[in-house]
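# Fold and contact review
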Amino acid sequence: MSRMIRGHSLPIGRSRGPRLLRRGPLESLATALIVAGVLMLLQPFALVLYTYSFVTTLIGVVMFTIVSKFPD
């Protein structure tokens, strides 16, 4: 038995790739990185957190952009 996805026939129950490379968990991780970067930017206590806040936010945004192209 098979199902059609974008014109391709796939067997039912078969995964299209490794479970770790799915959109859901990686989008959640990217969103958490973005939130962590913004929180690091807004905190007034540690200069080292403020220093790396932009890099953390940028990594999260780039990761989200790439991961949003992955299959569900």
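Below you will find a few notes about this structure. Remember, it's a predicted structure, so these values are computed and weren't measured experimentally. (Residues numbered from 1 in each chain as written. Predicted model: local features only at pLDDT ≥ 70, side-chain atom pairs only at ≥ 80, totals over all residues. Heavy atoms only, no water.)

## Focus: the overall build of the protein
Regarding its fold elements, the protein presents 2 helices and 2 strands. Mapped from its N terminus to its C terminus, the protein presents α and β elements in the order β-β-α-α. The 72 residues of the protein split such that 17% are buried. Considering only residue pairs separated by 6 or more positions, the protein has 44% of its internal contacts joining residues 24 or more positions apart. Surface exposure of the protein reaches about 5,800 Å², of which carbon and sulfur atoms provide 71%. (Helix = DSSP H or I, 4+ residues; strand = E, 2+ residues; numbered from the N terminus. Buried < 20%, exposed > 50% of the residue type's maximum accessible area, 1.4 Å probe, protein only. Contact = heavy atoms within 4.5 Å. Areas by Shrake-Rupley, 256 points an atom, 1.4 Å probe, with all protein chains shown as cover.)

## Here we look at helix α2 (residues 47-67)
Taking 1.5 Å of rise per residue, the 21 residues of α2 would be expected to cover 30 Å, and the 30 Å separating its terminal C-alpha atoms lies within 8% of that figure. Among the residues making up α2, those that are buried are Ser 53, Thr 56, Thr 57, Gly 60, Met 63 and Val 67. Of the surrounding elements, those touching the buried residues of α2 are α1 (23-42). (Expected span 1.5 Å × (residues − 1).)

## Describing the pattern of salt bridges
Between side chains of opposite charge, a pair can form as their charged atoms come close. Scanning the model with the defined rule gives 1 salt bridge in all. The partner of Asp 72 in a salt bridge is Arg 23, with the nearest N and O atoms 3.3 Å apart. Remark: Arg 23 occurs in helix α1 and Asp 72 occurs in the segment after α2; sequence separation between them is 49 residues. Residue class for Asp 72 comes out exposed when judged on its relative accessible area of 68%. (Salt bridge = Lys/Arg side-chain N within 4 Å of Asp/Glu carboxyl O.)

## Considering the environment of Val 38
Structurally, Val 38 can be placed in helix α1. When its relative accessible area of 37% is taken as the criterion, Val 38 is described as partly exposed. Along the backbone, Val 38 and Thr 56 are 18 residues apart, and their C-alpha atoms lie at a distance of 8.5 Å.

## Focus on the side chain of Gln 43
Mapped onto the elements of the fold, Gln 43 is located in the loop between α1 and α2. Taking relative accessible area as the criterion, Gln 43 reaches 16% and is therefore assigned buried. Polar side-chain contacts of Gln 43 include one of 3.4 Å to the backbone oxygen of Met 40. Apart from the residues within four sequence positions on either side, Gln 43 is in contact with Leu 49 and Tyr 50. (Polar contact = N/O pair within 3.5 Å; in protein donor to acceptor, adjacent residues only side chain to side chain.)

## Structural notes on the environment of Arg 19
Along the polypeptide, Arg 19 turns up in the loop between β2 (8-11) and α1. Residue Arg 19 is classed as exposed on the basis of its relative accessible area of 74%.

## Points about a nonpolar patch on the surface
Residues Val 48, Leu 49, Tyr 52, Phe 54, Val 55, Leu 58, Ile 59, Val 62 and Ile 66 make up a contiguous nonpolar surface patch of roughly 860 Å² in combined accessible area. Position of Leu 49 relative to the elements: it lies in helix α2. On the basis of relative accessible area, Leu 49 is assigned to the partly exposed category, the value being 37%. (Patch = residues over 30% accessible without salt bridge, like charges linked within 9 Å, V, L, I, M, F, W, Y side chains within 5 Å.)

These values are about where atoms sit, not about what they do.
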